[in-house]
Amino acid sequence: MKLTNIEKQFSILFFIIVLFELITGNTENLKTAHYIAKPAIVISLIFLFVKTSGHLSKNIKSLTLLALVFSLLGDVLLMLVDQSPHFFTVGLIAFLLAHIMYILVFLKHRKQKQSAVGFIIMLLIYASGLFYLLKDGLGEMLLPVTIYMLIILGMATSAFLRRGKVNTLSFKLVFIGAIFFMISDSILALNKFYQPIPLSNISIMVTYSLAQYLIVLGILKTPLKSPQEDNPSK
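Because the structure is a prediction, the values reported are computed rather than measured.

Caption draft 1: Highlighting the overall build of the protein. Helices and strands together make up the secondary structure of the protein, namely 9 helices and 0 strands. Seen in sequence order, the protein has helices and strands lined up from the N terminus as α-α-α-α-α-α-α-α-α. Scaling as 2.2 N^0.38, a compact globule of 234 residues should have a C-alpha radius of gyration of about 17 Å, and the protein matches this with 18 Å. Here the C-alpha coordinates of the protein stretch approximately 50 × 40 × 30 Å along the principal axes. Burial statistics for the protein: of 234 residues in total, 47% are counted as buried. Within the protein, residue pairs in contact and separated by at least 24 positions form 76% of the contacts whose partners lie at least 6 positions apart. Surface summary for the protein: the accessible area is close to 12100 Å², and the carbon and sulfur share equals 69%.

Have a look at this one:
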């Protein structure tokens, strides 16, 4: 993977932050530091994106930043779940909005005649199996979680639709990132609504961090902006 010097330097810093989050998030007497470490993951990506996204269209920059801001809000809210279960629902909404923003970004570079039928069938089989495991434990969260699952399936599909429209590196980074996002959310849902998963905190954060990192890098690797992206009516 070809990274610029800034991206290489950032990558080292980013994974140090992730490691710091994993340590503080799983060490009781470092819990205060955890409240700094976890938000720092997305905050660092926001700084990278703002600094290096000058070649992207205004629409893509705005939507990506919104996706990251909603993700940051979701991270903060999920850290407060112990104080009130309502924070989980609001955090879910924040991440749902983040996924919608990413969908809008990915669709800017979709290949018009790309067929995603086979991929969608695979996703639906995966989602059906996951839902079968979760359904008995969802209770009043049945509708919100179902909507969320549909949105993240849409996010993965829109990432797939970029194939052949953007360069191979950008496509692979974003697509793999989207899959990691699905895995992270699946582990979180299984751990909360099905049964506790050993080391779930670590697996959720590693896959989530990789997802955001790969998606942001993939978006930064998209081609130079075109007038149509800033003027979608043309």
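Having put the structure on the table, let's press on.
Caption draft 2: Structural context of the nonpolar core. Counting 66 residues, the largest nonpolar core has Leu68, Tyr102, Phe106, Met155, Phe181, Phe193 and Ile219 as its most contacted members. Listing elements by their share of this core, those giving two or more residues are α1 (5–25), α2 (31–52), α3 (58–79), α4 (86–107), α5 (117–138), α6 (142–160), α7 (168–193) and α8 (200–220). Those residues in contact with isoleucine 219 that lie beyond four places of it in its chain are Phe49, Leu56, Ile60, Thr64, Tyr102, Val105, Phe106 and Val174.

Caption draft 3: Highlighting the packing of α3 against α4. The interhelical angle for the contact between α3 and α4, taken along N-to-C directions, is 160 degrees, at an axis separation of 8 Å. Here α3 lies roughly antiparallel to α4, going by the angle between them. Remark: the crossing between α3 and α4 carries left-handed chirality. In the contact of α3 with α4, the residues fall into 20 nonpolar, 4 polar and 1 charged.

Caption draft 4: Here's a closer look at α8. Compared with an ideal rise of 1.5 Å per residue, which puts 21 residues at 30 Å, α8 spans 30 Å between its outermost C-alpha atoms and is within 8% of the ideal. Counting buried residues along α8, 16 of its 21 residues qualify, which places the element largely inside the surrounding structure.

Caption draft 5: Broad picture of the packing of aromatic side chains. Counting across every chain of the model gives 12 aromatic pairs. Where phenylalanine 10 meets phenylalanine 14, the ring centres are 5.6 Å apart and the plane angle is 35 degrees; that geometry is what we call tilted. With phenylalanine 10 and phenylalanine 14 both in helix α1 and 4 residues apart, this pair spans about one turn of that helix. A residue is classified by how much of its surface remains accessible, and phenylalanine 14, at 0% relative accessible area, is buried. Of the aromatic side chains, those joined through ring pairs into one cluster are Phe10, Phe14, Phe15 and Tyr213. Positioned above the aromatic ring of phenylalanine 88 is the side chain of lysine 192, whose terminal nitrogen or guanidinium carbon lies 4.5 Å from the ring centre. One cation-aromatic arrangement involves lysine 192 over phenylalanine 193; the distance from NZ or CZ to the ring centre is 5.9 Å.

Caption draft 6: Looking closely at the pattern of salt bridges. Overall, the coordinates contain 2 salt bridges when judged by the stated rule. Between glutamate 7 and lysine 221 there is a salt bridge, and its shortest N-O distance comes to 2.8 Å. With glutamate 7 in helix α1 and lysine 221 in the loop between α8 and α9 (227–230), this pair connects stretches of sequence that are 214 residues apart. With respect to class, glutamate 7 is no different from lysine 221; both count as buried. Salt-bridge contacts for aspartate 136 lead to lysine 135; the nearest nitrogen and oxygen are separated by 3.3 Å.

Caption draft 7: Molecular detail of the side chain of aspartate 185. Tracing the backbone shows aspartate 185 in helix α7. No salt bridge is formed by the buried aspartate 185; the nearest opposite charge belongs to lysine 38, separated by 10 Å.

Caption draft 8: Structural view of α6. For α6, spanning 19 residues, the distance from its first C-alpha to its last is 27 Å, which sits close to the expected 27 Å at 1.5 Å a residue. Those residues of α6 not exposed but buried are Val145, Tyr148, Met149, Ile152, Leu153, Met155, Ala156, Thr157, Ser158, Ala159 and Phe160. Packing partners of the buried residues in α6 comprise α4, α5 and α7.

Caption draft 9: Fine view of a nonpolar patch on the surface. Taken together, the side chains of Leu19, Ile23 and Leu30 make up a nonpolar region of the molecular surface, amounting to roughly 250 Å² of accessible area. With respect to the secondary-structure elements, leucine 30 resides in the loop between α1 and α2. Take leucine 30: its relative accessible area is 33%, and that puts it in the partly exposed class.

Cut-offs used in this document
Sequence order as written defines residue numbering, which begins from 1 separately in each chain. pLDDT decides what is reported in this predicted model: residues at 70 or higher carry local features, side-chain atom pairs at 80 or more are listed and counted, and totals for whole chains, interfaces and linings draw on all residues regardless. To get the side-chain values, take all heavy atoms of the structure and skip hydrogens and water. Counting from the N terminus, the helices are DSSP H or I runs at least four residues long and the strands are E runs at least two residues long. As defined in this context, the radius of gyration uses C-alpha atoms, and a globule is described by 2.2 Å times the residue total to the power 0.38. Only protein chains enter the area calculation, which uses a 1.4 Å probe; residues under 20% of their type maximum are buried, those over 50% are exposed, and those in between are partly exposed. For this analysis, residues touch if any pair of their heavy atoms sits within 4.5 Å. The Shrake-Rupley method, run with a 1.4 Å probe, gives the accessible areas here. Residue values count only the displayed protein chains as cover. Residue types Ala, Val, Leu, Ile, Met, Phe, Trp, Tyr and Cys, when buried and joined through side-chain atoms within 4.5 Å, form a set referred to as a nonpolar core. Note on method: axes are straight lines fitted to C-alpha atoms, helices fitted across the in-contact stretch only, with angles between N-to-C directions ranging 0 to 180 degrees. In this scheme, roughly parallel covers angles under 35 degrees and roughly antiparallel covers those over 145, while 65 to 115 is roughly perpendicular and the rest are oblique. Note on convention: the crossing is left-handed when the near helix lies turned anticlockwise from the far helix by less than a right angle, right-handed when the turn is clockwise. Three classes are used, and their members are as follows: Ala, Val, Leu, Ile, Met, Phe, Trp, Tyr, Cys and Pro are nonpolar, Asp, Glu, Lys and Arg are charged, and the others, Gly among them, are polar. Expected helix span is taken as 1.5 Å per residue step, with the number of steps being one fewer than the number of residues. Side-chain rings of Phe, Tyr and Trp, where Trp is taken by its six-membered ring, are said to pair if the distance between their centres is within 6.5 Å; with planes under 30 degrees apart they count as stacked, over 60 as edge-to-face, and otherwise as tilted. By the criterion adopted, a ring carries a charge over it if an Arg CZ or a Lys NZ lies within 6 Å of its centre and within 35 degrees of its normal. Whenever a carboxyl oxygen of Asp or Glu lies within 4 Å of a side-chain nitrogen of Lys or Arg, that contact is scored as a salt bridge. Under the convention used here, Asp and Glu are negative, Lys and Arg are positive, and both His and the chain ends fall outside the count. Every patch collects residues that have over 30% relative accessible area and no salt bridge, joining them within 9 Å if they carry like charges and within 5 Å if they are nonpolar side chains (Val, Leu, Ile, Met, Phe, Trp, Tyr).

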